[in-house]
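Listed below are the residues making up each chain.
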Amino acid sequence: MSDTDLQNSLQKLRPTLLRFAMLQLRDEAAAEDVVQETLLAALEGKSKFSGRSQLKTWAISILRNKIVDLMRRGSREGSLPLVDDQGDEDFDALFDGSGHWQEAPGDWGDPSAVLEQRGFYDVLELCMQALPENVARVFTMREVLGFETEEICKELKMSSSNCWVVLYRARMRLRECLQLRWFSAG
């Protein structure tokens, strides 16, 4: 692939990369910076791209690493506030006294088929954006960027019990949002 072809292909990927970065960082300036760093790293490291994967996959991999680096730098500068107990009532109301669902979640069908539907990712993105920033950050670090729980706790200076509470809340809110906006929307 020539330099010009690579530059053009990366420029076409820029909106996708920016959207991914915005979803993870929730800061337009930081997302723009990390995408620029990604594009520069891709151009400088073009010899490392062997073509065994798609260019998009390779670029997103570079972007993920840049986001992880940014989060690590940011976590050293300050810690996230601990999650308080507010909002537990919202989740408690979903369960009966024995811990079972008051109303069981609807059937989501075949997960693989759902993931292949283009509109699903738009709804998932909306649901992720609706999460409180700190909850979304912990969830993203764990489920999207692949951090281990211990690493999240170290990076964000939080206890493991607090981290698990945050992850639980994120999953519950995402489940509820997806149920309302995708699976029940028909």
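As a starting point, this report considers the structure included with it. Note that the coordinates shown come from a computational prediction; the quantities given were computed from them, not determined experimentally.

1. Let's talk about the packing of helix α1 (residues 3-25) against helix α7 (residues 133-144)
Orientation of α1 relative to α7, taken along the N-to-C sense of each, is 120°, at an axis distance of 8 Å. It follows that α1 is oblique to α7 by the angle criterion. Where α1 abuts α7, its residues Phe 20, Gln 24 and Leu 25 lie against Glu 133, Arg 137, Thr 140 and Val 144.

2. Overview of the nonpolar core
Considering soluble globular proteins, one finds that nonpolar side chains tend to be buried as a cluster. Ranked by internal contacts, the top residues of the largest apolar core, which has 46 residues, are Leu 10, Leu 17, Leu 63, Ile 67, Val 138, Ile 152 and Met 158. Of all the secondary-structure elements, those providing two or more residues to this core are α1, α2 (28-44), α3 (55-77), α6 (118-130), α7, α8 (149-156) and α9 (160-183). Among the elements that make up this core, the one with the highest residue count is α3 (nine residues). Apart from residues no more than four positions distant in its own chain, Leu 63 is found in contact with Leu 17, Phe 20, Ala 21, Val 34, Val 35 and Thr 38.

3. Re the environment of Val 68
When you line up the elements, Val 68 lands in helix α3. Along the chain, Val 68 and Gly 146 lie 78 residues apart, while their C-alpha atoms are 9.7 Å from each other. Aside from chain neighbours lying at most four places away, what touches Val 68 is Leu 145 and Phe 147.

4. With respect to the pattern of salt bridges
This structure, assessed with the given rule, holds five salt bridges. With its nearest N and O atoms 1.8 Å apart, the salt bridge here joins Glu 32 to Arg 14. A residue pair is termed long-range when its members are at least 10 positions apart, and Glu 32 in helix α2 and Arg 14 in helix α1 qualify at 18 residues. Across the pair Asp 122 and Arg 19 runs a salt bridge whose closest N-O atoms are separated by 2.6 Å. Note that Asp 122 is positioned in helix α6 and Arg 19 in helix α1, a separation of 103 residues in sequence.

5. A word on the state of the cysteines
What the rule picks out here adds up to one disulfide. In this structure Cys 153 is not part of a disulfide, and its nearest cysteine sulfur, from Cys 163, lies 4.3 Å away.

6. Considering the environment of Arg 169
Mapped onto the elements, Arg 169 comes out in helix α9. Note on Arg 169: relative accessible area 4%, which makes it buried. Taking the C-alpha atoms as reference, Arg 169 lies 9.8 Å from Ala 136; in sequence the two are 33 residues apart.

7. As for unusual backbone geometry
Of note, the phi angle at Arg 26 is positive, near 60°, even though the residue is not glycine. For Arg 26, the location among the structural elements is in the loop between α1 and α2. Given a relative accessible area of 26%, Arg 26 falls into the partly exposed group. Backbone geometry at Lys 157 places phi at a positive 55°, although glycine is not the residue there. Lys 157 sits in the partly exposed class, given a relative accessible area of 48%.

How each quantity is defined
- Residues numbered from 1 in each chain as written.
- Predicted model: local features only at pLDDT ≥ 70, side-chain atom pairs only at ≥ 80, totals over all residues.
- Heavy atoms only, no water.
- Axes fitted to C-alpha atoms, helices over the stretch in contact; angles between N-to-C directions.
- Helix = DSSP H or I, 4+ residues; strand = E, 2+ residues; numbered from the N terminus.
- Parallel < 35°, antiparallel > 145°, perpendicular 65-115°, else oblique.
- Contact = heavy atoms within 4.5 Å.
- Core = buried A, V, L, I, M, F, W, Y, C linked by side-chain atoms within 4.5 Å.
- Buried < 20%, exposed > 50% of the residue type's maximum accessible area, 1.4 Å probe, protein only.
- Salt bridge = Lys/Arg side-chain N within 4 Å of Asp/Glu carboxyl O.
- Disulfide = S-S within 2.5 Å.

All quantities given are derived from atomic positions and should not be read as evidence of function.
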